[in-house]
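Tertiary structure, described
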Amino acid sequence: MQRIKFIDRMASGALTRRQMLQGAAAFGVGLTLSPRLSAAAEVLTCLEWTGYDSDDYFRSYVGKHGTAPSFSTFGGEEEALAKVRAGFAADLMHPCNYSVGRFVEAGLTVPIDTAKLSNWKDVFPALQTADGVVVNGDVVMAPADWGNASIAYRPDLIGDAFKDGESWGIFYDGAFEGKVSMLDDPLAIAIGQMVKGVSYRDANLLTGDKLQAAKEFGAKAVKNSRFLWTDSTELQQGLASGEIVAAYAWNDTVKNLLAEGIEARYAKPKEGYFTWFCGMTILNSGKADPALAYDFIDAWLSPETGKLLIEGSGFGHANMKAFEISDPEAVKAMGITDPIEHMKSAILFEPQPSPVVNEQQKVWEEIKALKLYSP
């Protein structure tokens, strides 16, 4: 009798996937009995930053469905975009404010119905309507994490000259050849222009002759870098061992090094430091039940995930309640409680039109391949 009742409830859709799997094992029921199950059996597939594929960031999702999604990690959004365009069937992507427009422009996104997100009401109001969250009137990204990009360095190894005048110029200074690590990104060209005195907004949009003239800075960054990184673990290991003395880095790098007992600082370069916010975007290439995508996003927006980010990495979170339940000392150490106020004092990464992205990426690849070093 219990077996029959289980089959009836399964066929009517009254059970969660986890309950179905448990019941099927207990009663010896095949999961092909219900047409609903064939759709539910499609595993949610996520394109995610390296390191964010840990269950800790979506515990409520695992608790509800009994298993984690399938992940494909990436080191940069252009890599992820190329993968989806090539036919990779992903349900979700974790882009940042400056890159989500590229996915929208490519016709790969699905508007997000925020009414289906229980934690949306607790997201900072200004983030709910920020550029990159809303594109062409639609919410296309649920903001989740935010933080900084600056220079992490070893004060015990770098020398007083840099400590007395923190600057992005370290990546273009021959005195530090082989001792630094730049992000593998054309941003290295724009930062070089900032060192020269050009505003970030102008440097971010370089094309044509101006880009050709500026690529010498990218070449210097390539030449001086012991390695160009895409995985932050690599640069952290390089700093920890002393292989490099400074690197372009996110703010979790310094926190992790200090936790290892290694002296480290996070620079405030005279040219300015960067800030960013990222989140979850639903893609139209996936095959899983859309409800799974909403459950995953809601897990990421939970204050518990925010607490993990704040205490574990020093990153901020979009949920206001995350700051209320986090260790006050961890919040104090961040020095940040409001992303909007924080972004006013830093350089917020801005989107680039696709032709600009494509041209800058082409020049960057040429620099790396041909090693066009300036004399």
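Numbers given to residues run from 1 along each chain, matching the order in which its sequence is written. Note on the predicted model: pLDDT of at least 70 is required for a residue's local features to be given, and 80 or more for side-chain atom pairs to be given and counted; whole-chain, interface and lining totals, by contrast, use all residues. Water and hydrogen atoms play no part in the side-chain values, which are based on all heavy atoms of the structure.

1. Quick notes on the packing of aromatic side chains
- Note on aromatic contacts: the rings of Phe and Tyr and the six-membered ring of Trp form a pair at centre separations within 6.5 Å, being stacked when their planes are under 30 degrees apart, edge-to-face when over 60 apart, and tilted otherwise. Applying the stated criterion to the full structure yields 23 aromatic pairs.
- Here W49 and F74 contribute two aromatic rings whose centre-to-centre distance is 4.7 Å and whose plane-to-plane angle is 50 degrees, an arrangement assigned as tilted. Taken as a pair, W49 in strand 1 (residues 45–49) and F74 in strand 2 (residues 70–74) lie far apart in primary sequence, 25 residues in all.
- On the basis of relative accessibility, which here comes to 11%, the residue W49 falls in the buried class.
- With relative accessibility at 2%, the residue F74 sits in the buried group. The numbering of helices and of strands both runs from the N terminus, where a helix is a DSSP run of H or I of at least 4 residues and a strand a run of E of at least 2. Only protein chains enter the area calculation, which uses a 1.4 Å probe; residues under 20% of their type maximum are buried, those over 50% are exposed, and those in between are partly exposed.

2. A short note on the pairing of strand 2
- In this description, strands pair whenever DSSP reports at least two bridges between them. In the sheet, strand 1 pairs with strand 2 via five bridges, with the strands oriented parallel. Bridging from a neighbouring strand, T45 pairs with S70 of strand 2.
- Viewed with both strands pointing away, a crossover whose connecting path from the first strand over the helix to the second turns clockwise is right-handed. Crossover connection from strand 1 via helix 4 (residues 59–65) to parallel strand 2: handedness right-handed.

3. Quick word on the pairing of strand 1
- In terms of burial, strand 1 is a largely internal element, five of the five residues being buried.
- Pairing between strand 1 and strand 3 (residues 92–93): two bridges, direction parallel. Within the sheet, the bridge partner assigned to L47 lies in strand 3 and is M93.

4. Here we look at unusual backbone geometry
- With a phi close to 55 degrees, N136 is a non-glycine residue in the positive phi region.
- Within the element layout of this structure, N136 appears in the loop between strand 5 (134–135) and strand 6 (138–139).

5. Things to note about helix 15 (residues 290–300)
- Here helix 15 lies mainly inside the structure; nine of its eleven residues are buried.
- Every buried residue belonging to helix 15 is among L292, A293, Y294, D295, F296, I297, D298, A299 and W300, and all of these are buried.
- Here a polar contact is recorded for every N or O atom pair within 3.5 Å, except that within protein the pair must consist of a potential hydrogen donor and a potential acceptor, and residues adjacent in sequence are included only if both atoms are side-chain atoms. The opening residue of helix 15 is D289, an N-cap whose side-chain oxygen sits 2.9 Å from the backbone nitrogen of A291.

6. Some thoughts on the packing of helix 13 (residues 232–241) against helix 14 (residues 252–259)
- To obtain an axis, a line is fitted to C-alpha atoms, over the contacting stretch when the element is a helix, and the angle between two such axes runs from 0 to 180 degrees between their N-to-C directions. At a minimum axis distance of 10 Å, the contact between helix 13 and helix 14 shows a crossing angle of 45 degrees. Overall, the two elements helix 13 and helix 14 adopt an arrangement that is oblique. Seen from above, helix 13 lies across helix 14 with right-handed handedness. Facing helix 13, whose interface residues are L235, Q236, L239 and A240, helix 14 presents T253, N256 and L257.
- Among the residues making up the contact of helix 13 with helix 14, the classes are represented as four nonpolar, three polar and no charged. These descriptions rest on fixed angle ranges, namely under 35 degrees for roughly parallel, over 145 for roughly antiparallel, 65 to 115 for roughly perpendicular, and the rest for oblique. Here a crossing is taken to be left-handed if its near helix is turned anticlockwise relative to the far helix by less than a right angle, and right-handed if that turn runs clockwise. Contacts were defined at the residue level, with two residues in contact if any of their heavy atoms lie within 4.5 Å. Under the grouping applied here, Gly and all other residues not named as nonpolar or charged are polar, the nonpolar ones being Ala, Val, Leu, Ile, Met, Phe, Trp, Tyr, Cys and Pro and the charged ones Asp, Glu, Lys and Arg.

7. So, the side chain of N251
- By the element assignment, N251 lies in the loop between strand 9 (246–250) and helix 14.
- For N251, the side chain forms a polar contact with the main-chain nitrogen of N148, separated by 2.9 Å.
- For N251, the residues in contact, after removing those within four places along its chain, are G147, N148, Y266, S313, G314 and F315.

8. Considerations on the packing of helix 12 (residues 208–224) against helix 20 (residues 354–370)
- Contact geometry of helix 12 with helix 20 gives a least axis separation of 10 Å together with a crossing angle of 40 degrees. Between helix 12 and helix 20, the angle is such that the two are oblique. At the point where helix 12 passes helix 20, the crossing takes the right-handed sense. In this structure, helix 12 contributes G208, L211, Q212, K215, G218, A219 and V222 to the contact, and helix 20 contributes E359, Q360, V363, W364, I367 and K368.

9. Looking at the confidence of the model for the protein chain
- Per-residue confidence for the protein chain averages 87 on the pLDDT scale, and 87% of its residues sit at or above 70.
- Predicted confidence for residues 1–21 stays below pLDDT 50, and this span has 41 contacts to residues more than four positions away or in other chains.
- On a range of 0 to 100, pLDDT expresses the predictor's confidence in each residue. Low pLDDT (under 50) marks residues 24–40, which in the prediction has 27 contacts with non-local residues, meaning those over four places away or in another chain.

10. A look at the state of the cysteines
- Cysteine sulfur atoms are paired as a disulfide whenever they fall within 2.5 Å. In total, this model carries one disulfide according to the counting rule given.
- The disulfide that involves C96 links it to C278, with 1.8 Å between the sulfurs. Because the sign of the S-S torsion sets the handedness, a value of about 70 degrees for the bond joining C96 and C278 places this disulfide among the right-handed ones. Here C278 lies in strand 11 (residues 274–283) and C96 lies in the loop between strand 3 and helix 6 (100–105), a separation of 182 residues in the sequence. Accessibility classification places C96 together with C278 in one group, the buried group.

11. Overview of the pattern of salt bridges
- Any Lys or Arg side-chain nitrogen found within 4 Å of a carboxyl oxygen on Asp or Glu counts as a salt bridge. Enumeration according to the criterion identifies twelve salt bridges in this entry.
- E78 is the partner of R102 in a salt bridge, and the nearest nitrogen-oxygen pair spans 2.7 Å. With R102 in helix 6 and E78 in helix 5 (residues 77–85), this pair connects stretches of sequence that are 24 residues apart.
- Its salt-bridge partner being R201, residue E350 comes within 2.4 Å of it at the nearest N-O pair. A residue pair is termed long-range when its members are at least 10 positions apart, and E350 in the loop between strand 13 (347–348) and helix 20 and R201 in helix 11 (residues 200–204) qualify at 149 residues.

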